[in-house]
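Single-letter residue listing:
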Amino acid sequence: MSTPIISGLHHITLCANGAQEDVDFITQVLGLRLIKQTVLFDGRYAHYHLYYANANAEVGSVLTTFPYRRVPGRPGSGQISATAYAVSKGTMPFWKEHLNRHEIENSGIQERFGQQFIRFTHPSGLLLEVIEDPNDTRAGWTTDEISPDVSARGFHGPVLSVREVEEEERFFIEALGFRKTGVDGPYHRFEVGNGGAARTLVLLHEPDRRAGSWGFGAGTGHHLALDIGTDDALAEQKNLYEELGYTDCSEIKDRNYFHSIYVRSPGGILTECAATVPEGFAKDEPFDQLGMALLLPPWFEDRRQEIIAMLEPIVVPEANRPAGVPSGAASSSPQAPSASAASSGVTPSRRTSATFIGGDGPSR
């Protein structure tokens, strides 16, 4: 049997509601950097796909959202219940005051596995957390209100709601290479590598909670993605899934900035493995201009005006812009297939054409 080669978290994807309220909340309240404005690559409706990250746009810090007002989601088991960001030890008083000042619903200071955290609510109902981790040395993005010493440094890890623990535990261990490192009441912790920030998943056992919706829907977690390194590793992981009986794994898909496979885990949580292309998130815009303009994959570029007309206009807050970079400074151009795909012999699939029938308005 193959050995899983997961190194930690890659990104987490949630479905928000309105695009501008999402940008404002994530950049101003959570204090992340908007690093990419693009669109959902699948389906017939034009929807934003927004990426946020820490100061260095590191894998393991990238929160992506689909503002999806067309359909409300149903939160429940089989979903990401909360997404936790690591902050420095001793910063809970700052975060409590910061959230209260912005009138954000929050839990106050709590504790899980000996770590203090605060859970708070996104305008669309999504749950986020800041959790203390003294060993995380990544650089957080800063704003006028959030200084480097208290900033969100990147993921600690998601909290995943499941009705049954055993099969999901087996999936994490056998299929993904995690190890179980603790139980705290209904919480079951799993870590990979050295553990800690960006290498931790937490199962929340909720046997009586009804199942959440699986499709796109405002106010729900969509999927978590794990960093697997290369396209060759993606192919190996796909084979491992089949060896273990997880036969619904997708083909390898080209997501422009990374290549991915997706599988529905036994507890219902959609789990992605992702391999970043060599150019990473700076593939189509300079690093100091990340997030400044709408960028489309090469295969949608000829539909730019049609797509823009279907999207809610958004404004990037001034505090999120690097000094001296004007809004809309970046431009995009078609790219050749990445070196990652060319060198591995793997040919990721991509949707090369689309007929859009609408934008992100509520369904009627």
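Thresholds applied
Residues numbered from 1 in each chain as written. Predicted model: local features only at pLDDT ≥ 70, side-chain atom pairs only at ≥ 80, totals over all residues. Heavy atoms only, no water. Salt bridge = Lys/Arg side-chain N within 4 Å of Asp/Glu carboxyl O. Helix = DSSP H or I, 4+ residues; strand = E, 2+ residues; numbered from the N terminus. Buried < 20%, exposed > 50% of the residue type's maximum accessible area, 1.4 Å probe, protein only. 1 Å grid on protein atoms, 1.4 Å probe; cavity = no way out; pocket = protein on both sides within 12 Å on 5 of 7 lines; lining within 4 Å. Points joined across faces, edges and corners; volume = space filled by probe spheres on them. Nonpolar A, V, L, I, M, F, W, Y, C, P; charged D, E, K, R; others polar. Contact = heavy atoms within 4.5 Å. Lys, Arg positive; Asp, Glu negative; His and termini not counted. Core = buried A, V, L, I, M, F, W, Y, C linked by side-chain atoms within 4.5 Å. Pairing = 2+ DSSP bridges. Axes fitted to C-alpha atoms, helices over the stretch in contact; angles between N-to-C directions. Arc of directions from axis to C-beta.

> Before we go on, may I ask you to explain the pattern of salt bridges in this structure?
Side-chain pairs of opposite charge can arise whenever the charged atoms involved come near each other. Enumeration according to the criterion identifies 13 salt bridges in this entry. Across the salt bridge formed by Arg112 and Glu129, the nearest N and O atoms sit 2.7 Å from each other. Taken together, the positions of Arg112 in strand β6 (residues 106-112) and Glu129 in strand β8 (residues 127-132) put the pair 17 residues apart, joining distant regions of the chain. The pair Arg112 / Glu129 is uniform in exposure class, with both members buried. The partner of Glu206 in a salt bridge is Arg209, with the nearest N and O atoms 3.2 Å apart. For Glu206, a relative accessible area of 22% corresponds to the partly exposed category. Sharing partners across several salt bridges, the network here consists of Lys36, Asp284 and Glu285.

> Even after reading the chapter, I still don't get the layout of surface pockets, so can you show me in this structure?
One simple way to see leftover space: roll a probe sized like a water molecule over the atoms. Put simply, the largest pocket is a space of about 310 Å³. Forming the walls of the largest pocket are 22 residues, and the residues nearest its centre are Asp42, His222, His223, Arg255 and Tyr262. Every element with two or more residues in the lining of the largest pocket is listed here: β1 (8-16), β2 (33-39), β3 (48-53), β13 (220-227), β15 (258-264) and β16 (270-276). The element that contributes the greatest number of residues to the lining of the largest pocket is β15, accounting for three residues. Class assignment of the residues belonging to the lining of the largest pocket gives a composition of 10 nonpolar, seven polar and five charged.

> What's the story with the environment of Thr13 in this structure? I'm lost.
Here Thr13 lies in strand β1. Classification of Thr13 by relative accessible area gives buried; the value is 0%. It is 8.0 Å that separates the C-alpha atoms of Thr13 and Ala225, two residues lying 212 residues apart in sequence. The contact partners of Thr13, leaving out residues within four places of it in the chain, are His49, Thr64, Phe66, Ile80, Gly221, His222 and His223.

> Could you clarify how one ought to interpret the side chain of Asp22 in this entry?
Of note, Asp22 is situated in helix α1 (residues 19-29). We note that Asp22 is buried and unpaired, the nearest opposite charge coming from Arg69 at a distance of 11 Å. Ignoring sequence-local partners within four residues, the contact set of Asp22 consists of Ala16, Leu50, Tyr52, Thr65 and His122.

> Can you walk me through the nonpolar core in this structure?
Side chains of nonpolar character tend, in soluble globular proteins, to be buried together. Leu30, Phe172, Leu176, Phe178 and Tyr241 are the most contacted members of the largest nonpolar core, which has 73 residues in total. Looking at this core, the element that brings in the most residues is α1, giving five residues. One finds Ala57, Ala274, Phe281 and Leu295 within the second-largest nonpolar core, a separate group that totals 11 residues.

> Could you clarify how one ought to interpret empty space enclosed by the protein in this entry?
All told, the structure shown has four cavities of 30 Å³ or more when counted by the stated rule. Those elements that place two or more of their residues in the lining of the largest cavity are β9 (154-162) and β12 (200-205). Counting residues per element, the lining of the largest cavity draws most heavily on β9, which supplies four residues. Of the residues in the lining of the largest cavity, the class split is six nonpolar, four polar and two charged. Taken together, 13 residues form the lining of the second largest cavity, with Gly78, Gln79, Gly221, His222 and Arg264 sitting closest to its centre. Taken together, the elements giving at least two residues each to the lining of the second largest cavity come down to β5 (79-87) and β13. The greatest single-element share of the lining of the second largest cavity, amounting to three residues, is contributed by β13. Here the residues of the lining of the second largest cavity sort into four nonpolar, eight polar and one charged.

> Hey, could you run me through the sheet that holds β5 in this one?
Spatially, β6-β7-β8-β5-β9-β12-β11-β10 is the arrangement adopted by the eight strands of the open sheet, whose pairing is mixed. For this open sheet the edge positions go to β6 and β10 (179-184), each flanked by a neighbour on one side alone. Along the sheet, successive strands turn relative to each other by an average axial angle of 25 degrees, direction set aside. Two strands pair when backbone bridges link them, and β5 and β8 are joined in this way by five bridges, in the parallel orientation. Within the sheet, the bridge partner assigned to Ala86 lies in β8 and is Ile131. Against the sheet, helix α3 (residues 166-175) contacts β9, β10, β11 (187-191) and β12, and its axis sits at roughly 170 degrees relative to β12.

> Teacher, can you tell me more about α3 here?
Residues separated by three or four positions in an α-helix point in the same direction, a consequence of the helix having 3.6 residues per turn. Residues of α3 that are buried include every one of Glu168, Phe171, Phe172 and Ala175, and no others. Down the axis of α3, the buried side of the element spans an arc of 110 degrees, and every buried residue falls inside it. On its buried side, α3 packs onto β9, β11, β12, α4 (231-244), β15 and β16. Of the residues flanking the end of α3, it is Gly177, one or two places downstream, whose phi is positive at about 85 degrees.

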